[in-house]
Amino acid sequence: MMLQGLSVDSSGPSFTPLVVVELVSDAKEETIGWLLNKIRDQQHDGGAELLVEQLGPGVGAQEKENPNLFLVGATWQRLLSGAEDVGLFKESTDGSMRAFTCANKHNFKDFGGDGDGFLSMAECQYIIKHELDTLRAKDETHVPGYKQAKLYPGKSIIRRLLSKRILIQIFPLHDKEELKRLSFSWYKKVKLSLQPLDDIRHYYGEGQALYFGFLEYFTFALVPMALFGVPYYLFDWEDYDKYVVFAVFNLIWCTVILELWKRCSASLAYRWGTLSRKKAFEEPRPGFHGVLGFNPVTGREEPLYPNIKRQLRIYLVSLPFVLLCLYLSFCVMMVYFLMEGWALSVYDQEPTFWTGVLLFIPSIIYAVVIEAMNLIYRYAAEFLTEWENHRLESSYQNHLVLKVLVFNFFNCFASLFYIAFVVQDMVLLRQSLATLLITSQILNQFMEAFLPYWLQRRRNKKMIRKVQKRRILEDKELPLAEQVRLEADMSTYLGTFDDYLELFLLFGYVSLFSCVYPLAAVLVVLNNVTEVYSDAFKMCHVFKRPFSDPAANIGVWQLAFEAMSVIAVVTNFALIGLSPQVKTYFSDSETHLILWTVAAEHGLMAFKFILTFLIPDIPKHIQIKLARLEFESLEALKKKRQLHGGIISWKLRAESGSGSTHRPLRTAGCAGDSVLCKTSFTTSSPLPCVVKTGFVQ
């Protein structure tokens, strides 16, 4: 887990820098000293008990360089106690995943000697981040040097500094040697093997590994759809009887792959120790603000914001804004159809090669406009969700995801629904779907990988040229100070939100209309293959290293994909009902056709939910392991209570023979509160034993 070449020697103990803390360049000296003392102080004094040193000046230091960069590390014992604090799960010697405790550290696999290598670097950085986040104010009324930055007992110091822009960023450092090994096994060699998910998890954490696991799973799951769709495209697939069969296959495929992914993700999460891990208590977001008040849950003073005000902002401002954006998207769609009609009229008047090319121009322009509108709306949605002032990060993310998904779904698929069910032109639907899919894939690859890489490459060249001028760079390895400053200037990775959103839209293209354009699955497979390499490349070379995210699943995105699969059932059966072959069976009554379509759709929907019920979310062998762990925990608790009960009885017998003073016995109470025993007994001295929550004190 050591960072090669990044050991820091100072007057104190040498340590391996793991995390960088950057303050504003003009931060007050008293603020810096106060924060560093908080980081270094012992835990019982309210500190984090971490090691921290200021980063020295870089090569050819200039005035514009920020001097307030600090390297943070920790002793090995501190990291182990932090692992227990965050509830880290590790593999024990019996092969099961258990919560790590320092008292039983030798019962865990791979813990040998002083335990070096037991924790991954990503886990160590996550522990340090957690300890920094839990730094709290005690007697301070404001941040020293900044009277406007008020503090109160229990307030998170780091979150306050971030919200007041005194603290610029906190980010984990890369391990260059480990990154090289990961890069080589991940994307530097062309291979047909699976991604090294365990290595990705070891370096980036479970959240990133689950995204790449889902990307890989989704790609392989598309292969049957692609193989099934190619013959349809090659052999007279315009026969509607054939695409009815394809639509039914599509619907079953959607349900099965999503249910099997739950099992797959549960297996990965159990192997990585996050499936049974309890979710930590959520602290308020750094940007959350309100009137200072008493929180009955935490028992601390903190900002409180009335929920009724938040609801008014959501329903009176955010909701109308989203509806307005949907209306503007509809207007843009109608302009696209006008352009499409004009191009078609030009082609009908003079059918040449160039007028044939002109037929695709409106769709290409519309696809580019869709991507631009999605991007602009994303910024607006973030601003609006921030303005709603959500207290918890999970609430903020859920409202942001909902806003973005609704708009992106409408913006990307409204034109296809209009062509399919209003215009009812399957040829135009096929053409529009192909153009939108291909154009969006090209734009996404450019915006996600090539553009950030080009910008980062320019930054790297400037840094290397500056170092080379000083003739220090001889082995192409940047010195520590320059490496840290280079990573500090890298773009910040904003999480997997955009990556999952892209997969969600691709899943929509495949599940909703692939029966009309069977090559959609083939194109998405090709896109996902390149996506694996481009995403791996940008993670290793474009963005800062993100902190580990101990996730057990893909979260709210699982619900989003399942909702898309439900919409796919309705869409595909509506397309089936529009086929000429089906209409011939109900030529006498259109009402019968509609009733038949709705009945069949409800039947398949019921079958879909039956499949969901029959396929367990967690594999049986993992359920057994989890049940065994729960049973062992209950048995251990029962034995502990029996042992403590025996100690109490022995104490009572030992003390009951002397004196005549009656004192009540304190016994274990709920939530740590001691209660009085109803039975008094005789003793001549204060009780030597008080029991609280099962522990003898």
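Residues numbered from 1 in each chain as written. Predicted model: local features only at pLDDT ≥ 70, side-chain atom pairs only at ≥ 80, totals over all residues. Heavy atoms only, no water.

What the protein contains, in helices and strands, is 20 helices and 14 strands. Across the 697 residues in the protein, those meeting the buried criterion constitute 47%. Counted over contacts in the protein with a minimum sequence separation of 6, partners at least 24 positions apart contribute 71%. If you sum the accessible surface of the protein, you get close to 34800 Å²; carbon and sulfur atoms cover 62% of it. (Helix = DSSP H or I, 4+ residues; strand = E, 2+ residues; numbered from the N terminus. Buried < 20%, exposed > 50% of the residue type's maximum accessible area, 1.4 Å probe, protein only. Contact = heavy atoms within 4.5 Å. Areas by Shrake-Rupley, 256 points an atom, 1.4 Å probe, with all protein chains shown as cover.)

A complete count under the given rule lists 16 salt bridges for this structure. E91 is paired through a salt bridge with K109; the nearest N and O atoms lie 3.9 Å apart. Here the residue E91 occupies a position in strand β4 (residues 89–91), and K109 occupies one in the loop between β5 (97–99) and α3 (121–133), the gap between them amounting to 18 residues. In this structure E91 comes out as partly exposed when scored by relative accessible area, which is 31%. Within this structure, K90, E123, R201 and E206 form a network of salt bridges that share partners. (Salt bridge = Lys/Arg side-chain N within 4 Å of Asp/Glu carboxyl O.)

As a further point, take the packing of aromatic side chains. Here a ring pair, both rings aromatic, is described through the centre-centre distance and the interplanar angle of the planes. Within this structure, the stated rule accounts for 32 aromatic pairs. When the centroid spacing of 5.1 Å and the interplanar angle of 70° are considered together, the rings of F214 and W261 count as edge-to-face. You can see F214 sitting in helix α7 (residues 206–234) and its partner W261 sitting in helix α8 (residues 240–272), a full 47 residues away along the chain. Here W261 falls in the buried class, since its relative accessible area comes to 0%. Just above the ring of Y146 sits the side chain of K28; from NZ or CZ to the centre is 4.8 Å. It is K544 that lies over the ring of F171; its NZ or CZ is 5.8 Å from the centre. (Phe/Tyr/Trp six-rings, centres within 6.5 Å; stacked < 30°, edge-to-face > 60°. Lys NZ or Arg CZ within 6 Å of the ring centre and 35° of its normal.)

Right, let's get into a nonpolar patch on the surface. On the surface, a nonpolar cluster with roughly 920 Å² of combined accessible area is contributed by I308, L312, Y315, L316, V317, L319, L323, F383 and W387. Elements with a minimum of two residues in the nonpolar patch: α9 (307–349) and α11 (361–387). Here W387 lies in helix α11. (Patch = residues over 30% accessible without salt bridge, like charges linked within 9 Å, V, L, I, M, F, W, Y side chains within 5 Å.)

Okay, the nonpolar core next. Core analysis: the biggest nonpolar cluster contains 108 residues, and W186, W253 and W557 have the highest contact counts within it. Once residues within four sequence positions are removed from consideration, W253 is found in contact with F218, A221, L222, M225, F507 and V510. Grouped together as the second largest cluster of nonpolar side chains are 47 residues, L23, A83, L135 and L151 included. (Core = buried A, V, L, I, M, F, W, Y, C linked by side-chain atoms within 4.5 Å.)

Let us look at the UniProt feature "transmembrane region" (unreviewed entry) in the protein. When the UniProt feature table is mapped onto this chain numbering, "transmembrane region" (unreviewed entry) sits at residues 209–231, 243–261, 314–339, 359–380, 400–421, 433–455 and 503–526. In residues 314–339, the share of helix is 100% and the share of strand is 0%. The end C-alpha atoms are 36 Å apart. Helix makes up 75% of residues 503–526 and strand 0%. Its end C-alpha atoms lie 13 Å apart. (UniProt positions renumbered as here; feature names shortened; annotations may be inferred.)

All right, on to the pairing of strand β7 (residues 146–150) then. Where strand β6 (residues 142–143) lies against β7, two bridges are found, and the strand directions are antiparallel. Across the sheet, V143 pairs through a bridge with Y146, a residue of β7. Between β6 and the antiparallel strand that follows it, β7, lie two residues; G145 among them carries a positive phi value of about 95°. (Pairing = 2+ DSSP bridges.)

Averaged over all residues, the pLDDT of the protein equals 79, while 81% of them reach at least 70. Of the regions scoring below 50 in pLDDT, residues 9–13 engages in three contacts with residues more than four places distant in sequence or in other chains. (pLDDT = per-residue confidence, 0-100.)

The element strand β3 (residues 69–73) is largely enclosed, with a buried count of five among its five residues. Judged by which residues are buried, β3 turns out to be covered on both faces: L69, L71 and G73 on one side and F70 and V72 on the other are all buried. For strand β1 (residues 19–23) and β3, the ladder comprises four bridges, and the chain directions are antiparallel. What sits directly across from V21, in β3, is F70. Inspection of the sheet shows strand β2 (residues 51–54) paired to β3 by four bridges, in the antiparallel sense.

Strand pairing in a sheet relies on backbone hydrogen bonds, with the paired strands running either antiparallel or parallel. In space, the four strands of this open sheet follow the order β2-β3-β1-β8, with antiparallel pairing throughout. Bordering the open sheet on either side are β2 and β8 (167–172), each of which pairs with just one other strand. Each adjacent strand pair in this sheet contributes to an overall mean axis angle of 20°, direction not counted. Each of β1, β2 and β3 touches helix α1 (residues 29–40); the most contacted strand, β2, lies at about 150° to it. (Axes fitted to C-alpha atoms, helices over the stretch in contact; angles between N-to-C directions.)

Summarising the element assignment, G290 is placed in the loop between α8 and β9 (291–294). Residue class for G290 comes out partly exposed when judged on its relative accessible area of 37%. Taking the C-alpha atoms as reference points, G290 and P306, separated by 16 residues in sequence, lie 8.4 Å from one another. For G290, the residues in contact, after removing those within four places along its chain, are P303 and L304.

What follows is about the side chain of Q558. Mapped onto the secondary structure, Q558 falls in helix α17 (residues 556–578). Not counting residues within four places of it along the chain, the set of residues in contact with Q558 comprises L258, W261 and K262.

Between helix α5 (residues 176–186) and helix α16 (residues 520–541), the least distance of the axes is 11 Å, while the angle of their chain directions is 170°. In terms of orientation, α5 and α16 fall into the roughly antiparallel class. Along its contact with α5, which presents L179, S183 and W186, the element α16 presents Y533, A536, M539, C540 and H541. (Parallel < 35°, antiparallel > 145°, perpendicular 65-115°, else oblique.)

What follows deals with the packing of α17 against helix α19 (residues 590–614). For the pair α17 and α19, the least separation of the axes is 9 Å and the interaxial angle reads 150°. In this view, α17 runs roughly antiparallel relative to α19, as classed from their interaxial angle. For the crossing formed where α17 meets α19, the hand is right-handed. Facing α17, whose interface residues are S565, V566, V569, V570, F573, A574, I576 and G577, α19 presents L593, W596, T597, A600, E601, L604, M605 and K608. Looking at the contact of α17 with α19 residue by residue, the classes come out as 11 nonpolar, three polar and two charged. (Left-handed = near helix turned anticlockwise from the far one by under 90°. Nonpolar A, V, L, I, M, F, W, Y, C, P; charged D, E, K, R; others polar.)

On to α19, then. Think of an α-helix as 3.6 residues a turn; residues three or four steps apart then line up on the same face. Here α19 spans 36 Å end to end across 25 residues, near enough to the 36 Å set by a 1.5 Å rise per residue. Looking only at α19, the buried set comprises L593, T597, E601, L604, M605, K608 and L611. (Expected span 1.5 Å × (residues − 1).)

So, about α3. Compared with an ideal rise of 1.5 Å per residue, which puts 13 residues at 18 Å, α3 spans 18 Å between its outermost C-alpha atoms and is within 8% of the ideal. The element α3 is extensively covered by neighbouring structure, given that 11 of its 13 residues are classed as buried. The complete set of buried residues in α3 reads M121, A122, E123, C124, Q125, Y126, I127, I128, E131, L132 and D133.

Right, let's get into the side chain of D499. Mapped onto the fold, D499 is located in helix α15 (residues 497–513). On the basis of relative accessible area, D499 is assigned to the buried category, the value being 3%. A distance of 2.9 Å separates a polar atom in the side chain of D499 from a polar atom in the side chain of Y493. (Polar contact = N/O pair within 3.5 Å; in protein donor to acceptor, adjacent residues only side chain to side chain.)

The subject of this paragraph is the environment of L312. Among the secondary structure elements, L312 is positioned in helix α9. Expressed as a C-alpha distance, the spacing of L312 and E388, which sit 76 residues apart in the sequence, is 9.1 Å.

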